[in-house]
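Residues per chain, in single letters:
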Number of protein chains: 2
Amino acid sequence: MAELSLPDLDPTSDRAVFRQIADHIRDAIEQGSLAEGEKVPSEARLMQHYGVARMTIRNALQVLQGEGLTVAEHGRGVFVRSHPPVRRLALDRFARRHREQGKAAFIAETEGAGGRPTVDLIKITEEAPPASVAELLGLTATDSVIRRSRRYLINGQPVETAVSYVPAEIARGTRIAEPDSGPGGIYARLEELGHRLDHFVEEIRSRMPLREETRALKLAPGVPVFHLVRTAYTTVGRAVEVCDTVMSSDAYVLSYELPAR
Amino acid sequence: MAELSLPDLDPTSDRAVFRQIADHIRDAIEQGSLAEGEKVPSEARLMQHYGVARMTIRNALQVLQGEGLTVAEHGRGVFVRSHPPVRRLALDRFARRHREQGKAAFIAETEGAGGRPTVDLIKITEEAPPASVAELLGLTATDSVIRRSRRYLINGQPVETAVSYVPAEIARGTRIAEPDSGPGGIYARLEELGHRLDHFVEEIRSRMPLREETRALKLAPGVPVFHLVRTAYTTVGRAVEVCDTVMSSDAYVLSYELPAR
DNA sequence: CTCCTCAACTCGTACATACATGTACTACGG
DNA sequence: CCGTAGTACATGTATGTACGAGTTGAGGAG
């Protein structure tokens with residue numbers, strides 16, 4: 001393998017040395033001279049090449065890691081981050097026809113794309129809803145909800161955590177309050193209970209992950225998350241479920257349709 | 001002002017010292033003992049409190065900055081990041097009734113929320129479309145497009161950059177190819193030209209900003225961006241515009257509606 | 001041939017030091 | 001009264017050193 005060639009420092013530049021070095025490596029990545037998954041020259045080699053201290057090199061590498069361009073692996077080296085295949089979430093992903101085939105949205109989609117879907121860490125409790133959820137569901141502080149939290153994985157890799165809230169008045173004693181909510185998922189159960197779903201409203205935020213989220217989703221440093229809150233409304237305009245999900249942003253592309261009228 | 005009280009280090013812990021320190025400060029922020037905009041104790045004070053070297057303190061602060069929790073200001077100190085008021089992008093934001101009032105989507109929305117909208121850095125060129133855009137518009141490599149790029153600001157703060165592509169065949173010689181596209185924006189012009197808009201499809205990604213984006217949007221470190229690609233379709237199913245926009249993710253919440261059918 | 005040990009190389013953590021550069025306030029001179 | 005120089009303090013950049021800890025592969029023992 002040919003050795004990666006990097007430019008020399010520009011001593012006339014005002015730009016800090018570690019930034020210049022970061023620029024060089026970034027350019028190499030963007031131009032493809034450093035391909036995905038490839039190893040960035042070691043700190044020792046970069047020190048030698050540029051004739052600077054190790055901290056300067058580490059600062060440069062830190063910049064790139066913060067930009068999500070590289071990941072460091074202890075004892076192995078620094079590598080150009082490779083991006084997993086993205087999942088495209090289409091706007092018909094909660095269409096009734098999918099539920100009627102007995103598949104929950106996630107399972108149907110993942111199998112359709114040839115992946116092996118699993119769900120773990122399922123936890124069900126009955127408790128008072130957080131304020132924001134209570135408001136969306138039109139509940140008061142004294143009402144309680146069934147809270148279903150779980151984690152979704154594709155081929156063993158965690159990609160999404162989700163927490164659903166359904167008014168306890170609706171879900172208590174039904175399969176919604178059990179770990180296996182049955183074919184078609186909880187939306188199918190809600191419809192069986194007479195809550196005919198009309199539409200969902202999704203609110204999307206993007207931010208850096210909290211520490212627990214980094215752990216639960218095994219996120220690389222420098223990867224933001226989508227934070228998506230979906231509320232399910234019935235044909236009579238009642239909110240019957242709020243689903244709060246956090247997704248690794250480099251595993252997803254979200255797709256929506258807007259009316260022009 | 002009462003001095004912020006931070007715990008001592010746990011010498012029995014396996015956790016690296018700088019991580020423990022980062023944890024302490026993060027906890028203080030999350031519990032509100034350090035409010036938004038408040039100053040984090042200086043590096044010198046933290047060194048004294050914990051009895052560690054400056055590099056250890058700086059590593060801790062770097063962790064928090066990477067999480068988007070703090071910002072450092074040269075010569076002033078490190079501050080808990082304050083979040084700007086968010087703009088909620090609703091699903092009717094491109095409704096025809098807005099255009100008919102002679103306002104482009106951005107202007108109408110911002111004024112509605114009491115902000116002072118401006119647009120700058122308008123640049124218009126005619127060129128060959130990028131491959132992804134050509135595909136969305138159903139063009140070949142030999143076709144050309146009118147490219148309108150601009151930046152949107154609210155109260156002087158940049159919040160979004162956008163690049164629109166319209167087939168040159170449609171836009172050449174019209175007001176779409178001029179800096180001021182007229183009342184109602186380019187969507188109003190497209191409809192006047194007989195391209196009746198039916199719906200838009202938006203694809204949403206989230207990622208860390210590129211260097212130019214950090215500059216153009218004056219982004220704080222640790223803030224990801226939304227990358228949104230919107231394609232406008234007419235009632236006859238033709239794609240007549242692709243708009244590629246990058247938004248500071250902490251200035252926006254996106255909202256969409258999904259059918260349940 | 002297989003397994004294990006060990007050396008070499010990698011990044012991680014932490015120390016100490018020095019000077020540069022930006023900010024804010026004070027004190028002095030006009 | 002105003003402006004400016006100075007000073008204290010803040011973070012930014014860079015050097016050098018030391019040791020810890022994970023990974024890898026070569027080479028020797030069995």
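Cut-offs used in this document
- Residues numbered from 1 in each chain as written.
- Chains lettered and ligands numbered in written order.
- Predicted model: local features only at pLDDT ≥ 70, side-chain atom pairs only at ≥ 80, totals over all residues.
- Pairing = 2+ DSSP bridges.
- Helix = DSSP H or I, 4+ residues; strand = E, 2+ residues; numbered from the N terminus.
- Contact = placed C-beta atoms within 7 Å.
- Axes fitted to C-alpha atoms, helices over the stretch in contact; angles between N-to-C directions.
- Nonpolar A, V, L, I, M, F, W, Y, C, P; charged D, E, K, R; others polar.
- Near = placed C-beta within 6 Å.
- Parallel < 35°, antiparallel > 145°, perpendicular 65-115°, else oblique.
- Left-handed = near helix turned anticlockwise from the far one by under 90°.
- UniProt positions renumbered as here; feature names shortened; annotations may be inferred.
- Least-squares fit on C-alpha atoms with pLDDT ≥ 70 in both.
- Core = buried A, V, L, I, M, F, W, Y, C linked by C-beta atoms within 7 Å.
- Buried ≥ 20, exposed ≤ 12 C-beta atoms within 10 Å, placed from the backbone.

**Describing the sheet that holds strand β2 (residues 70-73) of chain B**
Residue and element names in this part refer to chain B.
Consideration 1: Taken in spatial order, the three strands make up an open sheet running β1-β3-β2, and their pairing is antiparallel. Each edge of the open sheet is held by one strand with a lone partner, namely β1 (39-40) and β2.
Consideration 2: Summarising the sheet, β2 and strand β3 (residues 77-80) pair through four bridges and their orientation is antiparallel. Residue pairing in the sheet places glutamate 73 in a bridge with glycine 77 of β3.
Consideration 3: Its contacts with the sheet place helix α3 (residues 54-66) against β2 and β3, and it is angled at close to 120 degrees to β2.

**Brief notes about the interface of chain B and chain A**
Consideration 1: Taken together, the contacts link 33 residues of chain B with 33 residues of chain A.
Consideration 2: Counting residues per element, the ones that place at least two in the side of chain B that touches chain A are β8 (197-207) and β11 (252-259) of chain B.
Consideration 3: With 11 residues, β8 of chain B is the single largest residue contributor to the side of chain B that touches chain A.
Consideration 4: The residue inventory of the side of chain B that touches chain A, partitioned by class, reads 16 nonpolar, seven polar and 10 charged.

**Looking at the protein's contact with DNA strand D**
Consideration 1: In the region of DNA strand D, 19 residues are neighbours, and Val17, Ala53, Met55 and Gly75 of chain A together with Glu43 of chain B sit closest.
Consideration 2: Where the surface near DNA strand D is concerned, the elements lending two or more residues are α1 (17-31) and α3 (54-66) of chain A together with α2 (43-50) and β3 of chain B.
Consideration 3: Element by element, the count of residues in the surface near DNA strand D is highest for α3 of chain A, at three residues.
Consideration 4: Looking at the surface near DNA strand D residue by residue, the class counts come to nine nonpolar, seven polar and three charged.

**Side note on the packing of helix α1 (residues 17-31) of chain B against α3 of chain B**
To describe two helices that pack against each other, one gives the angle between their axes and the distance between the axes.
Residues and elements named next belong to chain B.
Consideration 1: One way to put it is that α1 packs onto α3 with a least axis distance of 8 Å and a crossing angle of 50 degrees. Here α1 is positioned oblique relative to α3, judged by the angle of their axes. As for the relative orientation of α1 and α3, their crossing is right-handed in sense. Judged by residue contacts, Val17, Phe18, Arg19, Ile21, Ala22, Ile25 and Arg26 of α1 engage Thr56, Ile57, Asn59, Ala60, Val63 and Leu64 from α3.
Consideration 2: By residue class, the composition of the contact of α1 with α3 is nine nonpolar, two polar and two charged.

**Here's the deal with the UniProt feature "domain: HTH gntR-type" (unreviewed entry) in chain A**
Consideration 1: Per the UniProt record, "domain: HTH gntR-type" (unreviewed entry) is annotated on residues 15-83 of chain A.
Consideration 2: End-to-end, the C-alpha atoms of residues 15-83 of chain A are 30 Å apart, and along that stretch the chain is 52% helix and 14% strand.

**A few points about the pairing of β8 of chain B**
Consideration 1: In this structure, strand β11 (residues 252-259) of chain A lies alongside β8 of chain B, joined through six bridges in antiparallel fashion. Among the inter-strand pairings, leucine 258 of chain A is bridged to a residue of β8 of chain B, identified as phenylalanine 200 of chain B.
Consideration 2: In the sheet, β8 of chain B pairs with strand β9 (residues 225-234) of chain B via 10 bridges, with the strands oriented antiparallel. Its bridge partner lying in β9 of chain B, leucine 197 of chain B is registered against threonine 234 of chain B.

**What about the relation of the copies chain B and chain A?**
Consideration 1: Of the two same-sequence chains, chain B is brought onto chain A (RMSD 0.1 Å, axial shift 0.1 Å) by a rotation of 180 degrees. Overall, the copies show the geometry of a two-fold rotation axis.
Consideration 2: When the interface residues of chain B are mapped onto chain A, 100% of them are again interface residues, pointing to one common binding face.

**Concerning the protein's contact with DNA strand C**
Consideration 1: DNA strand C sits among 20 residues. The nearest are Ser42 of chain A together with Val17, Ala53, Thr56 and Gly75 of chain B.
Consideration 2: For the surface near DNA strand C, the secondary-structure elements that each account for two or more residues are α2 (43-50) and β3 (77-80) of chain A together with α1 and α3 of chain B.
Consideration 3: Residues that form the surface near DNA strand C fall into these classes: nine nonpolar, seven polar and four charged.

**What about the sheet that holds strand β2 (residues 70-73) of chain A?**
Residues and elements named next belong to chain A.
Consideration 1: Strand order in the open sheet formed by three strands is β1-β3-β2, with antiparallel pairing between adjacent strands. What marks the edges here is a single partner per strand, and that holds for β1 (39-40) and β2.
Consideration 2: As paired strands, β1 and β3 are joined by two bridges and run antiparallel to one another. Each residue of the ladder has a partner; that of lysine 39, found in β3, is phenylalanine 79.
Consideration 3: Sheet contacts for α3: β2 and β3; angle to β2, the most-contacted strand, approximately 120 degrees.

**Let's talk about the nonpolar core**
Consideration 1: Within the largest apolar cluster, 84 residues are counted, with the highest numbers of intra-cluster contacts made by Val166 and Met247 of chain A together with Val166 and Met247 of chain B.
Consideration 2: Every residue in contact with valine 166 of chain B, bar those within four places of it in the chain, is listed here: Val145, Ile146, Ala171, Ile176, Ile186, Val240 and Glu241 of chain B.
Consideration 3: If you look at the next biggest cluster of nonpolar residues, it comprises 17 residues, including Ile21, Ala28, Ile57 and Val78 of chain A.

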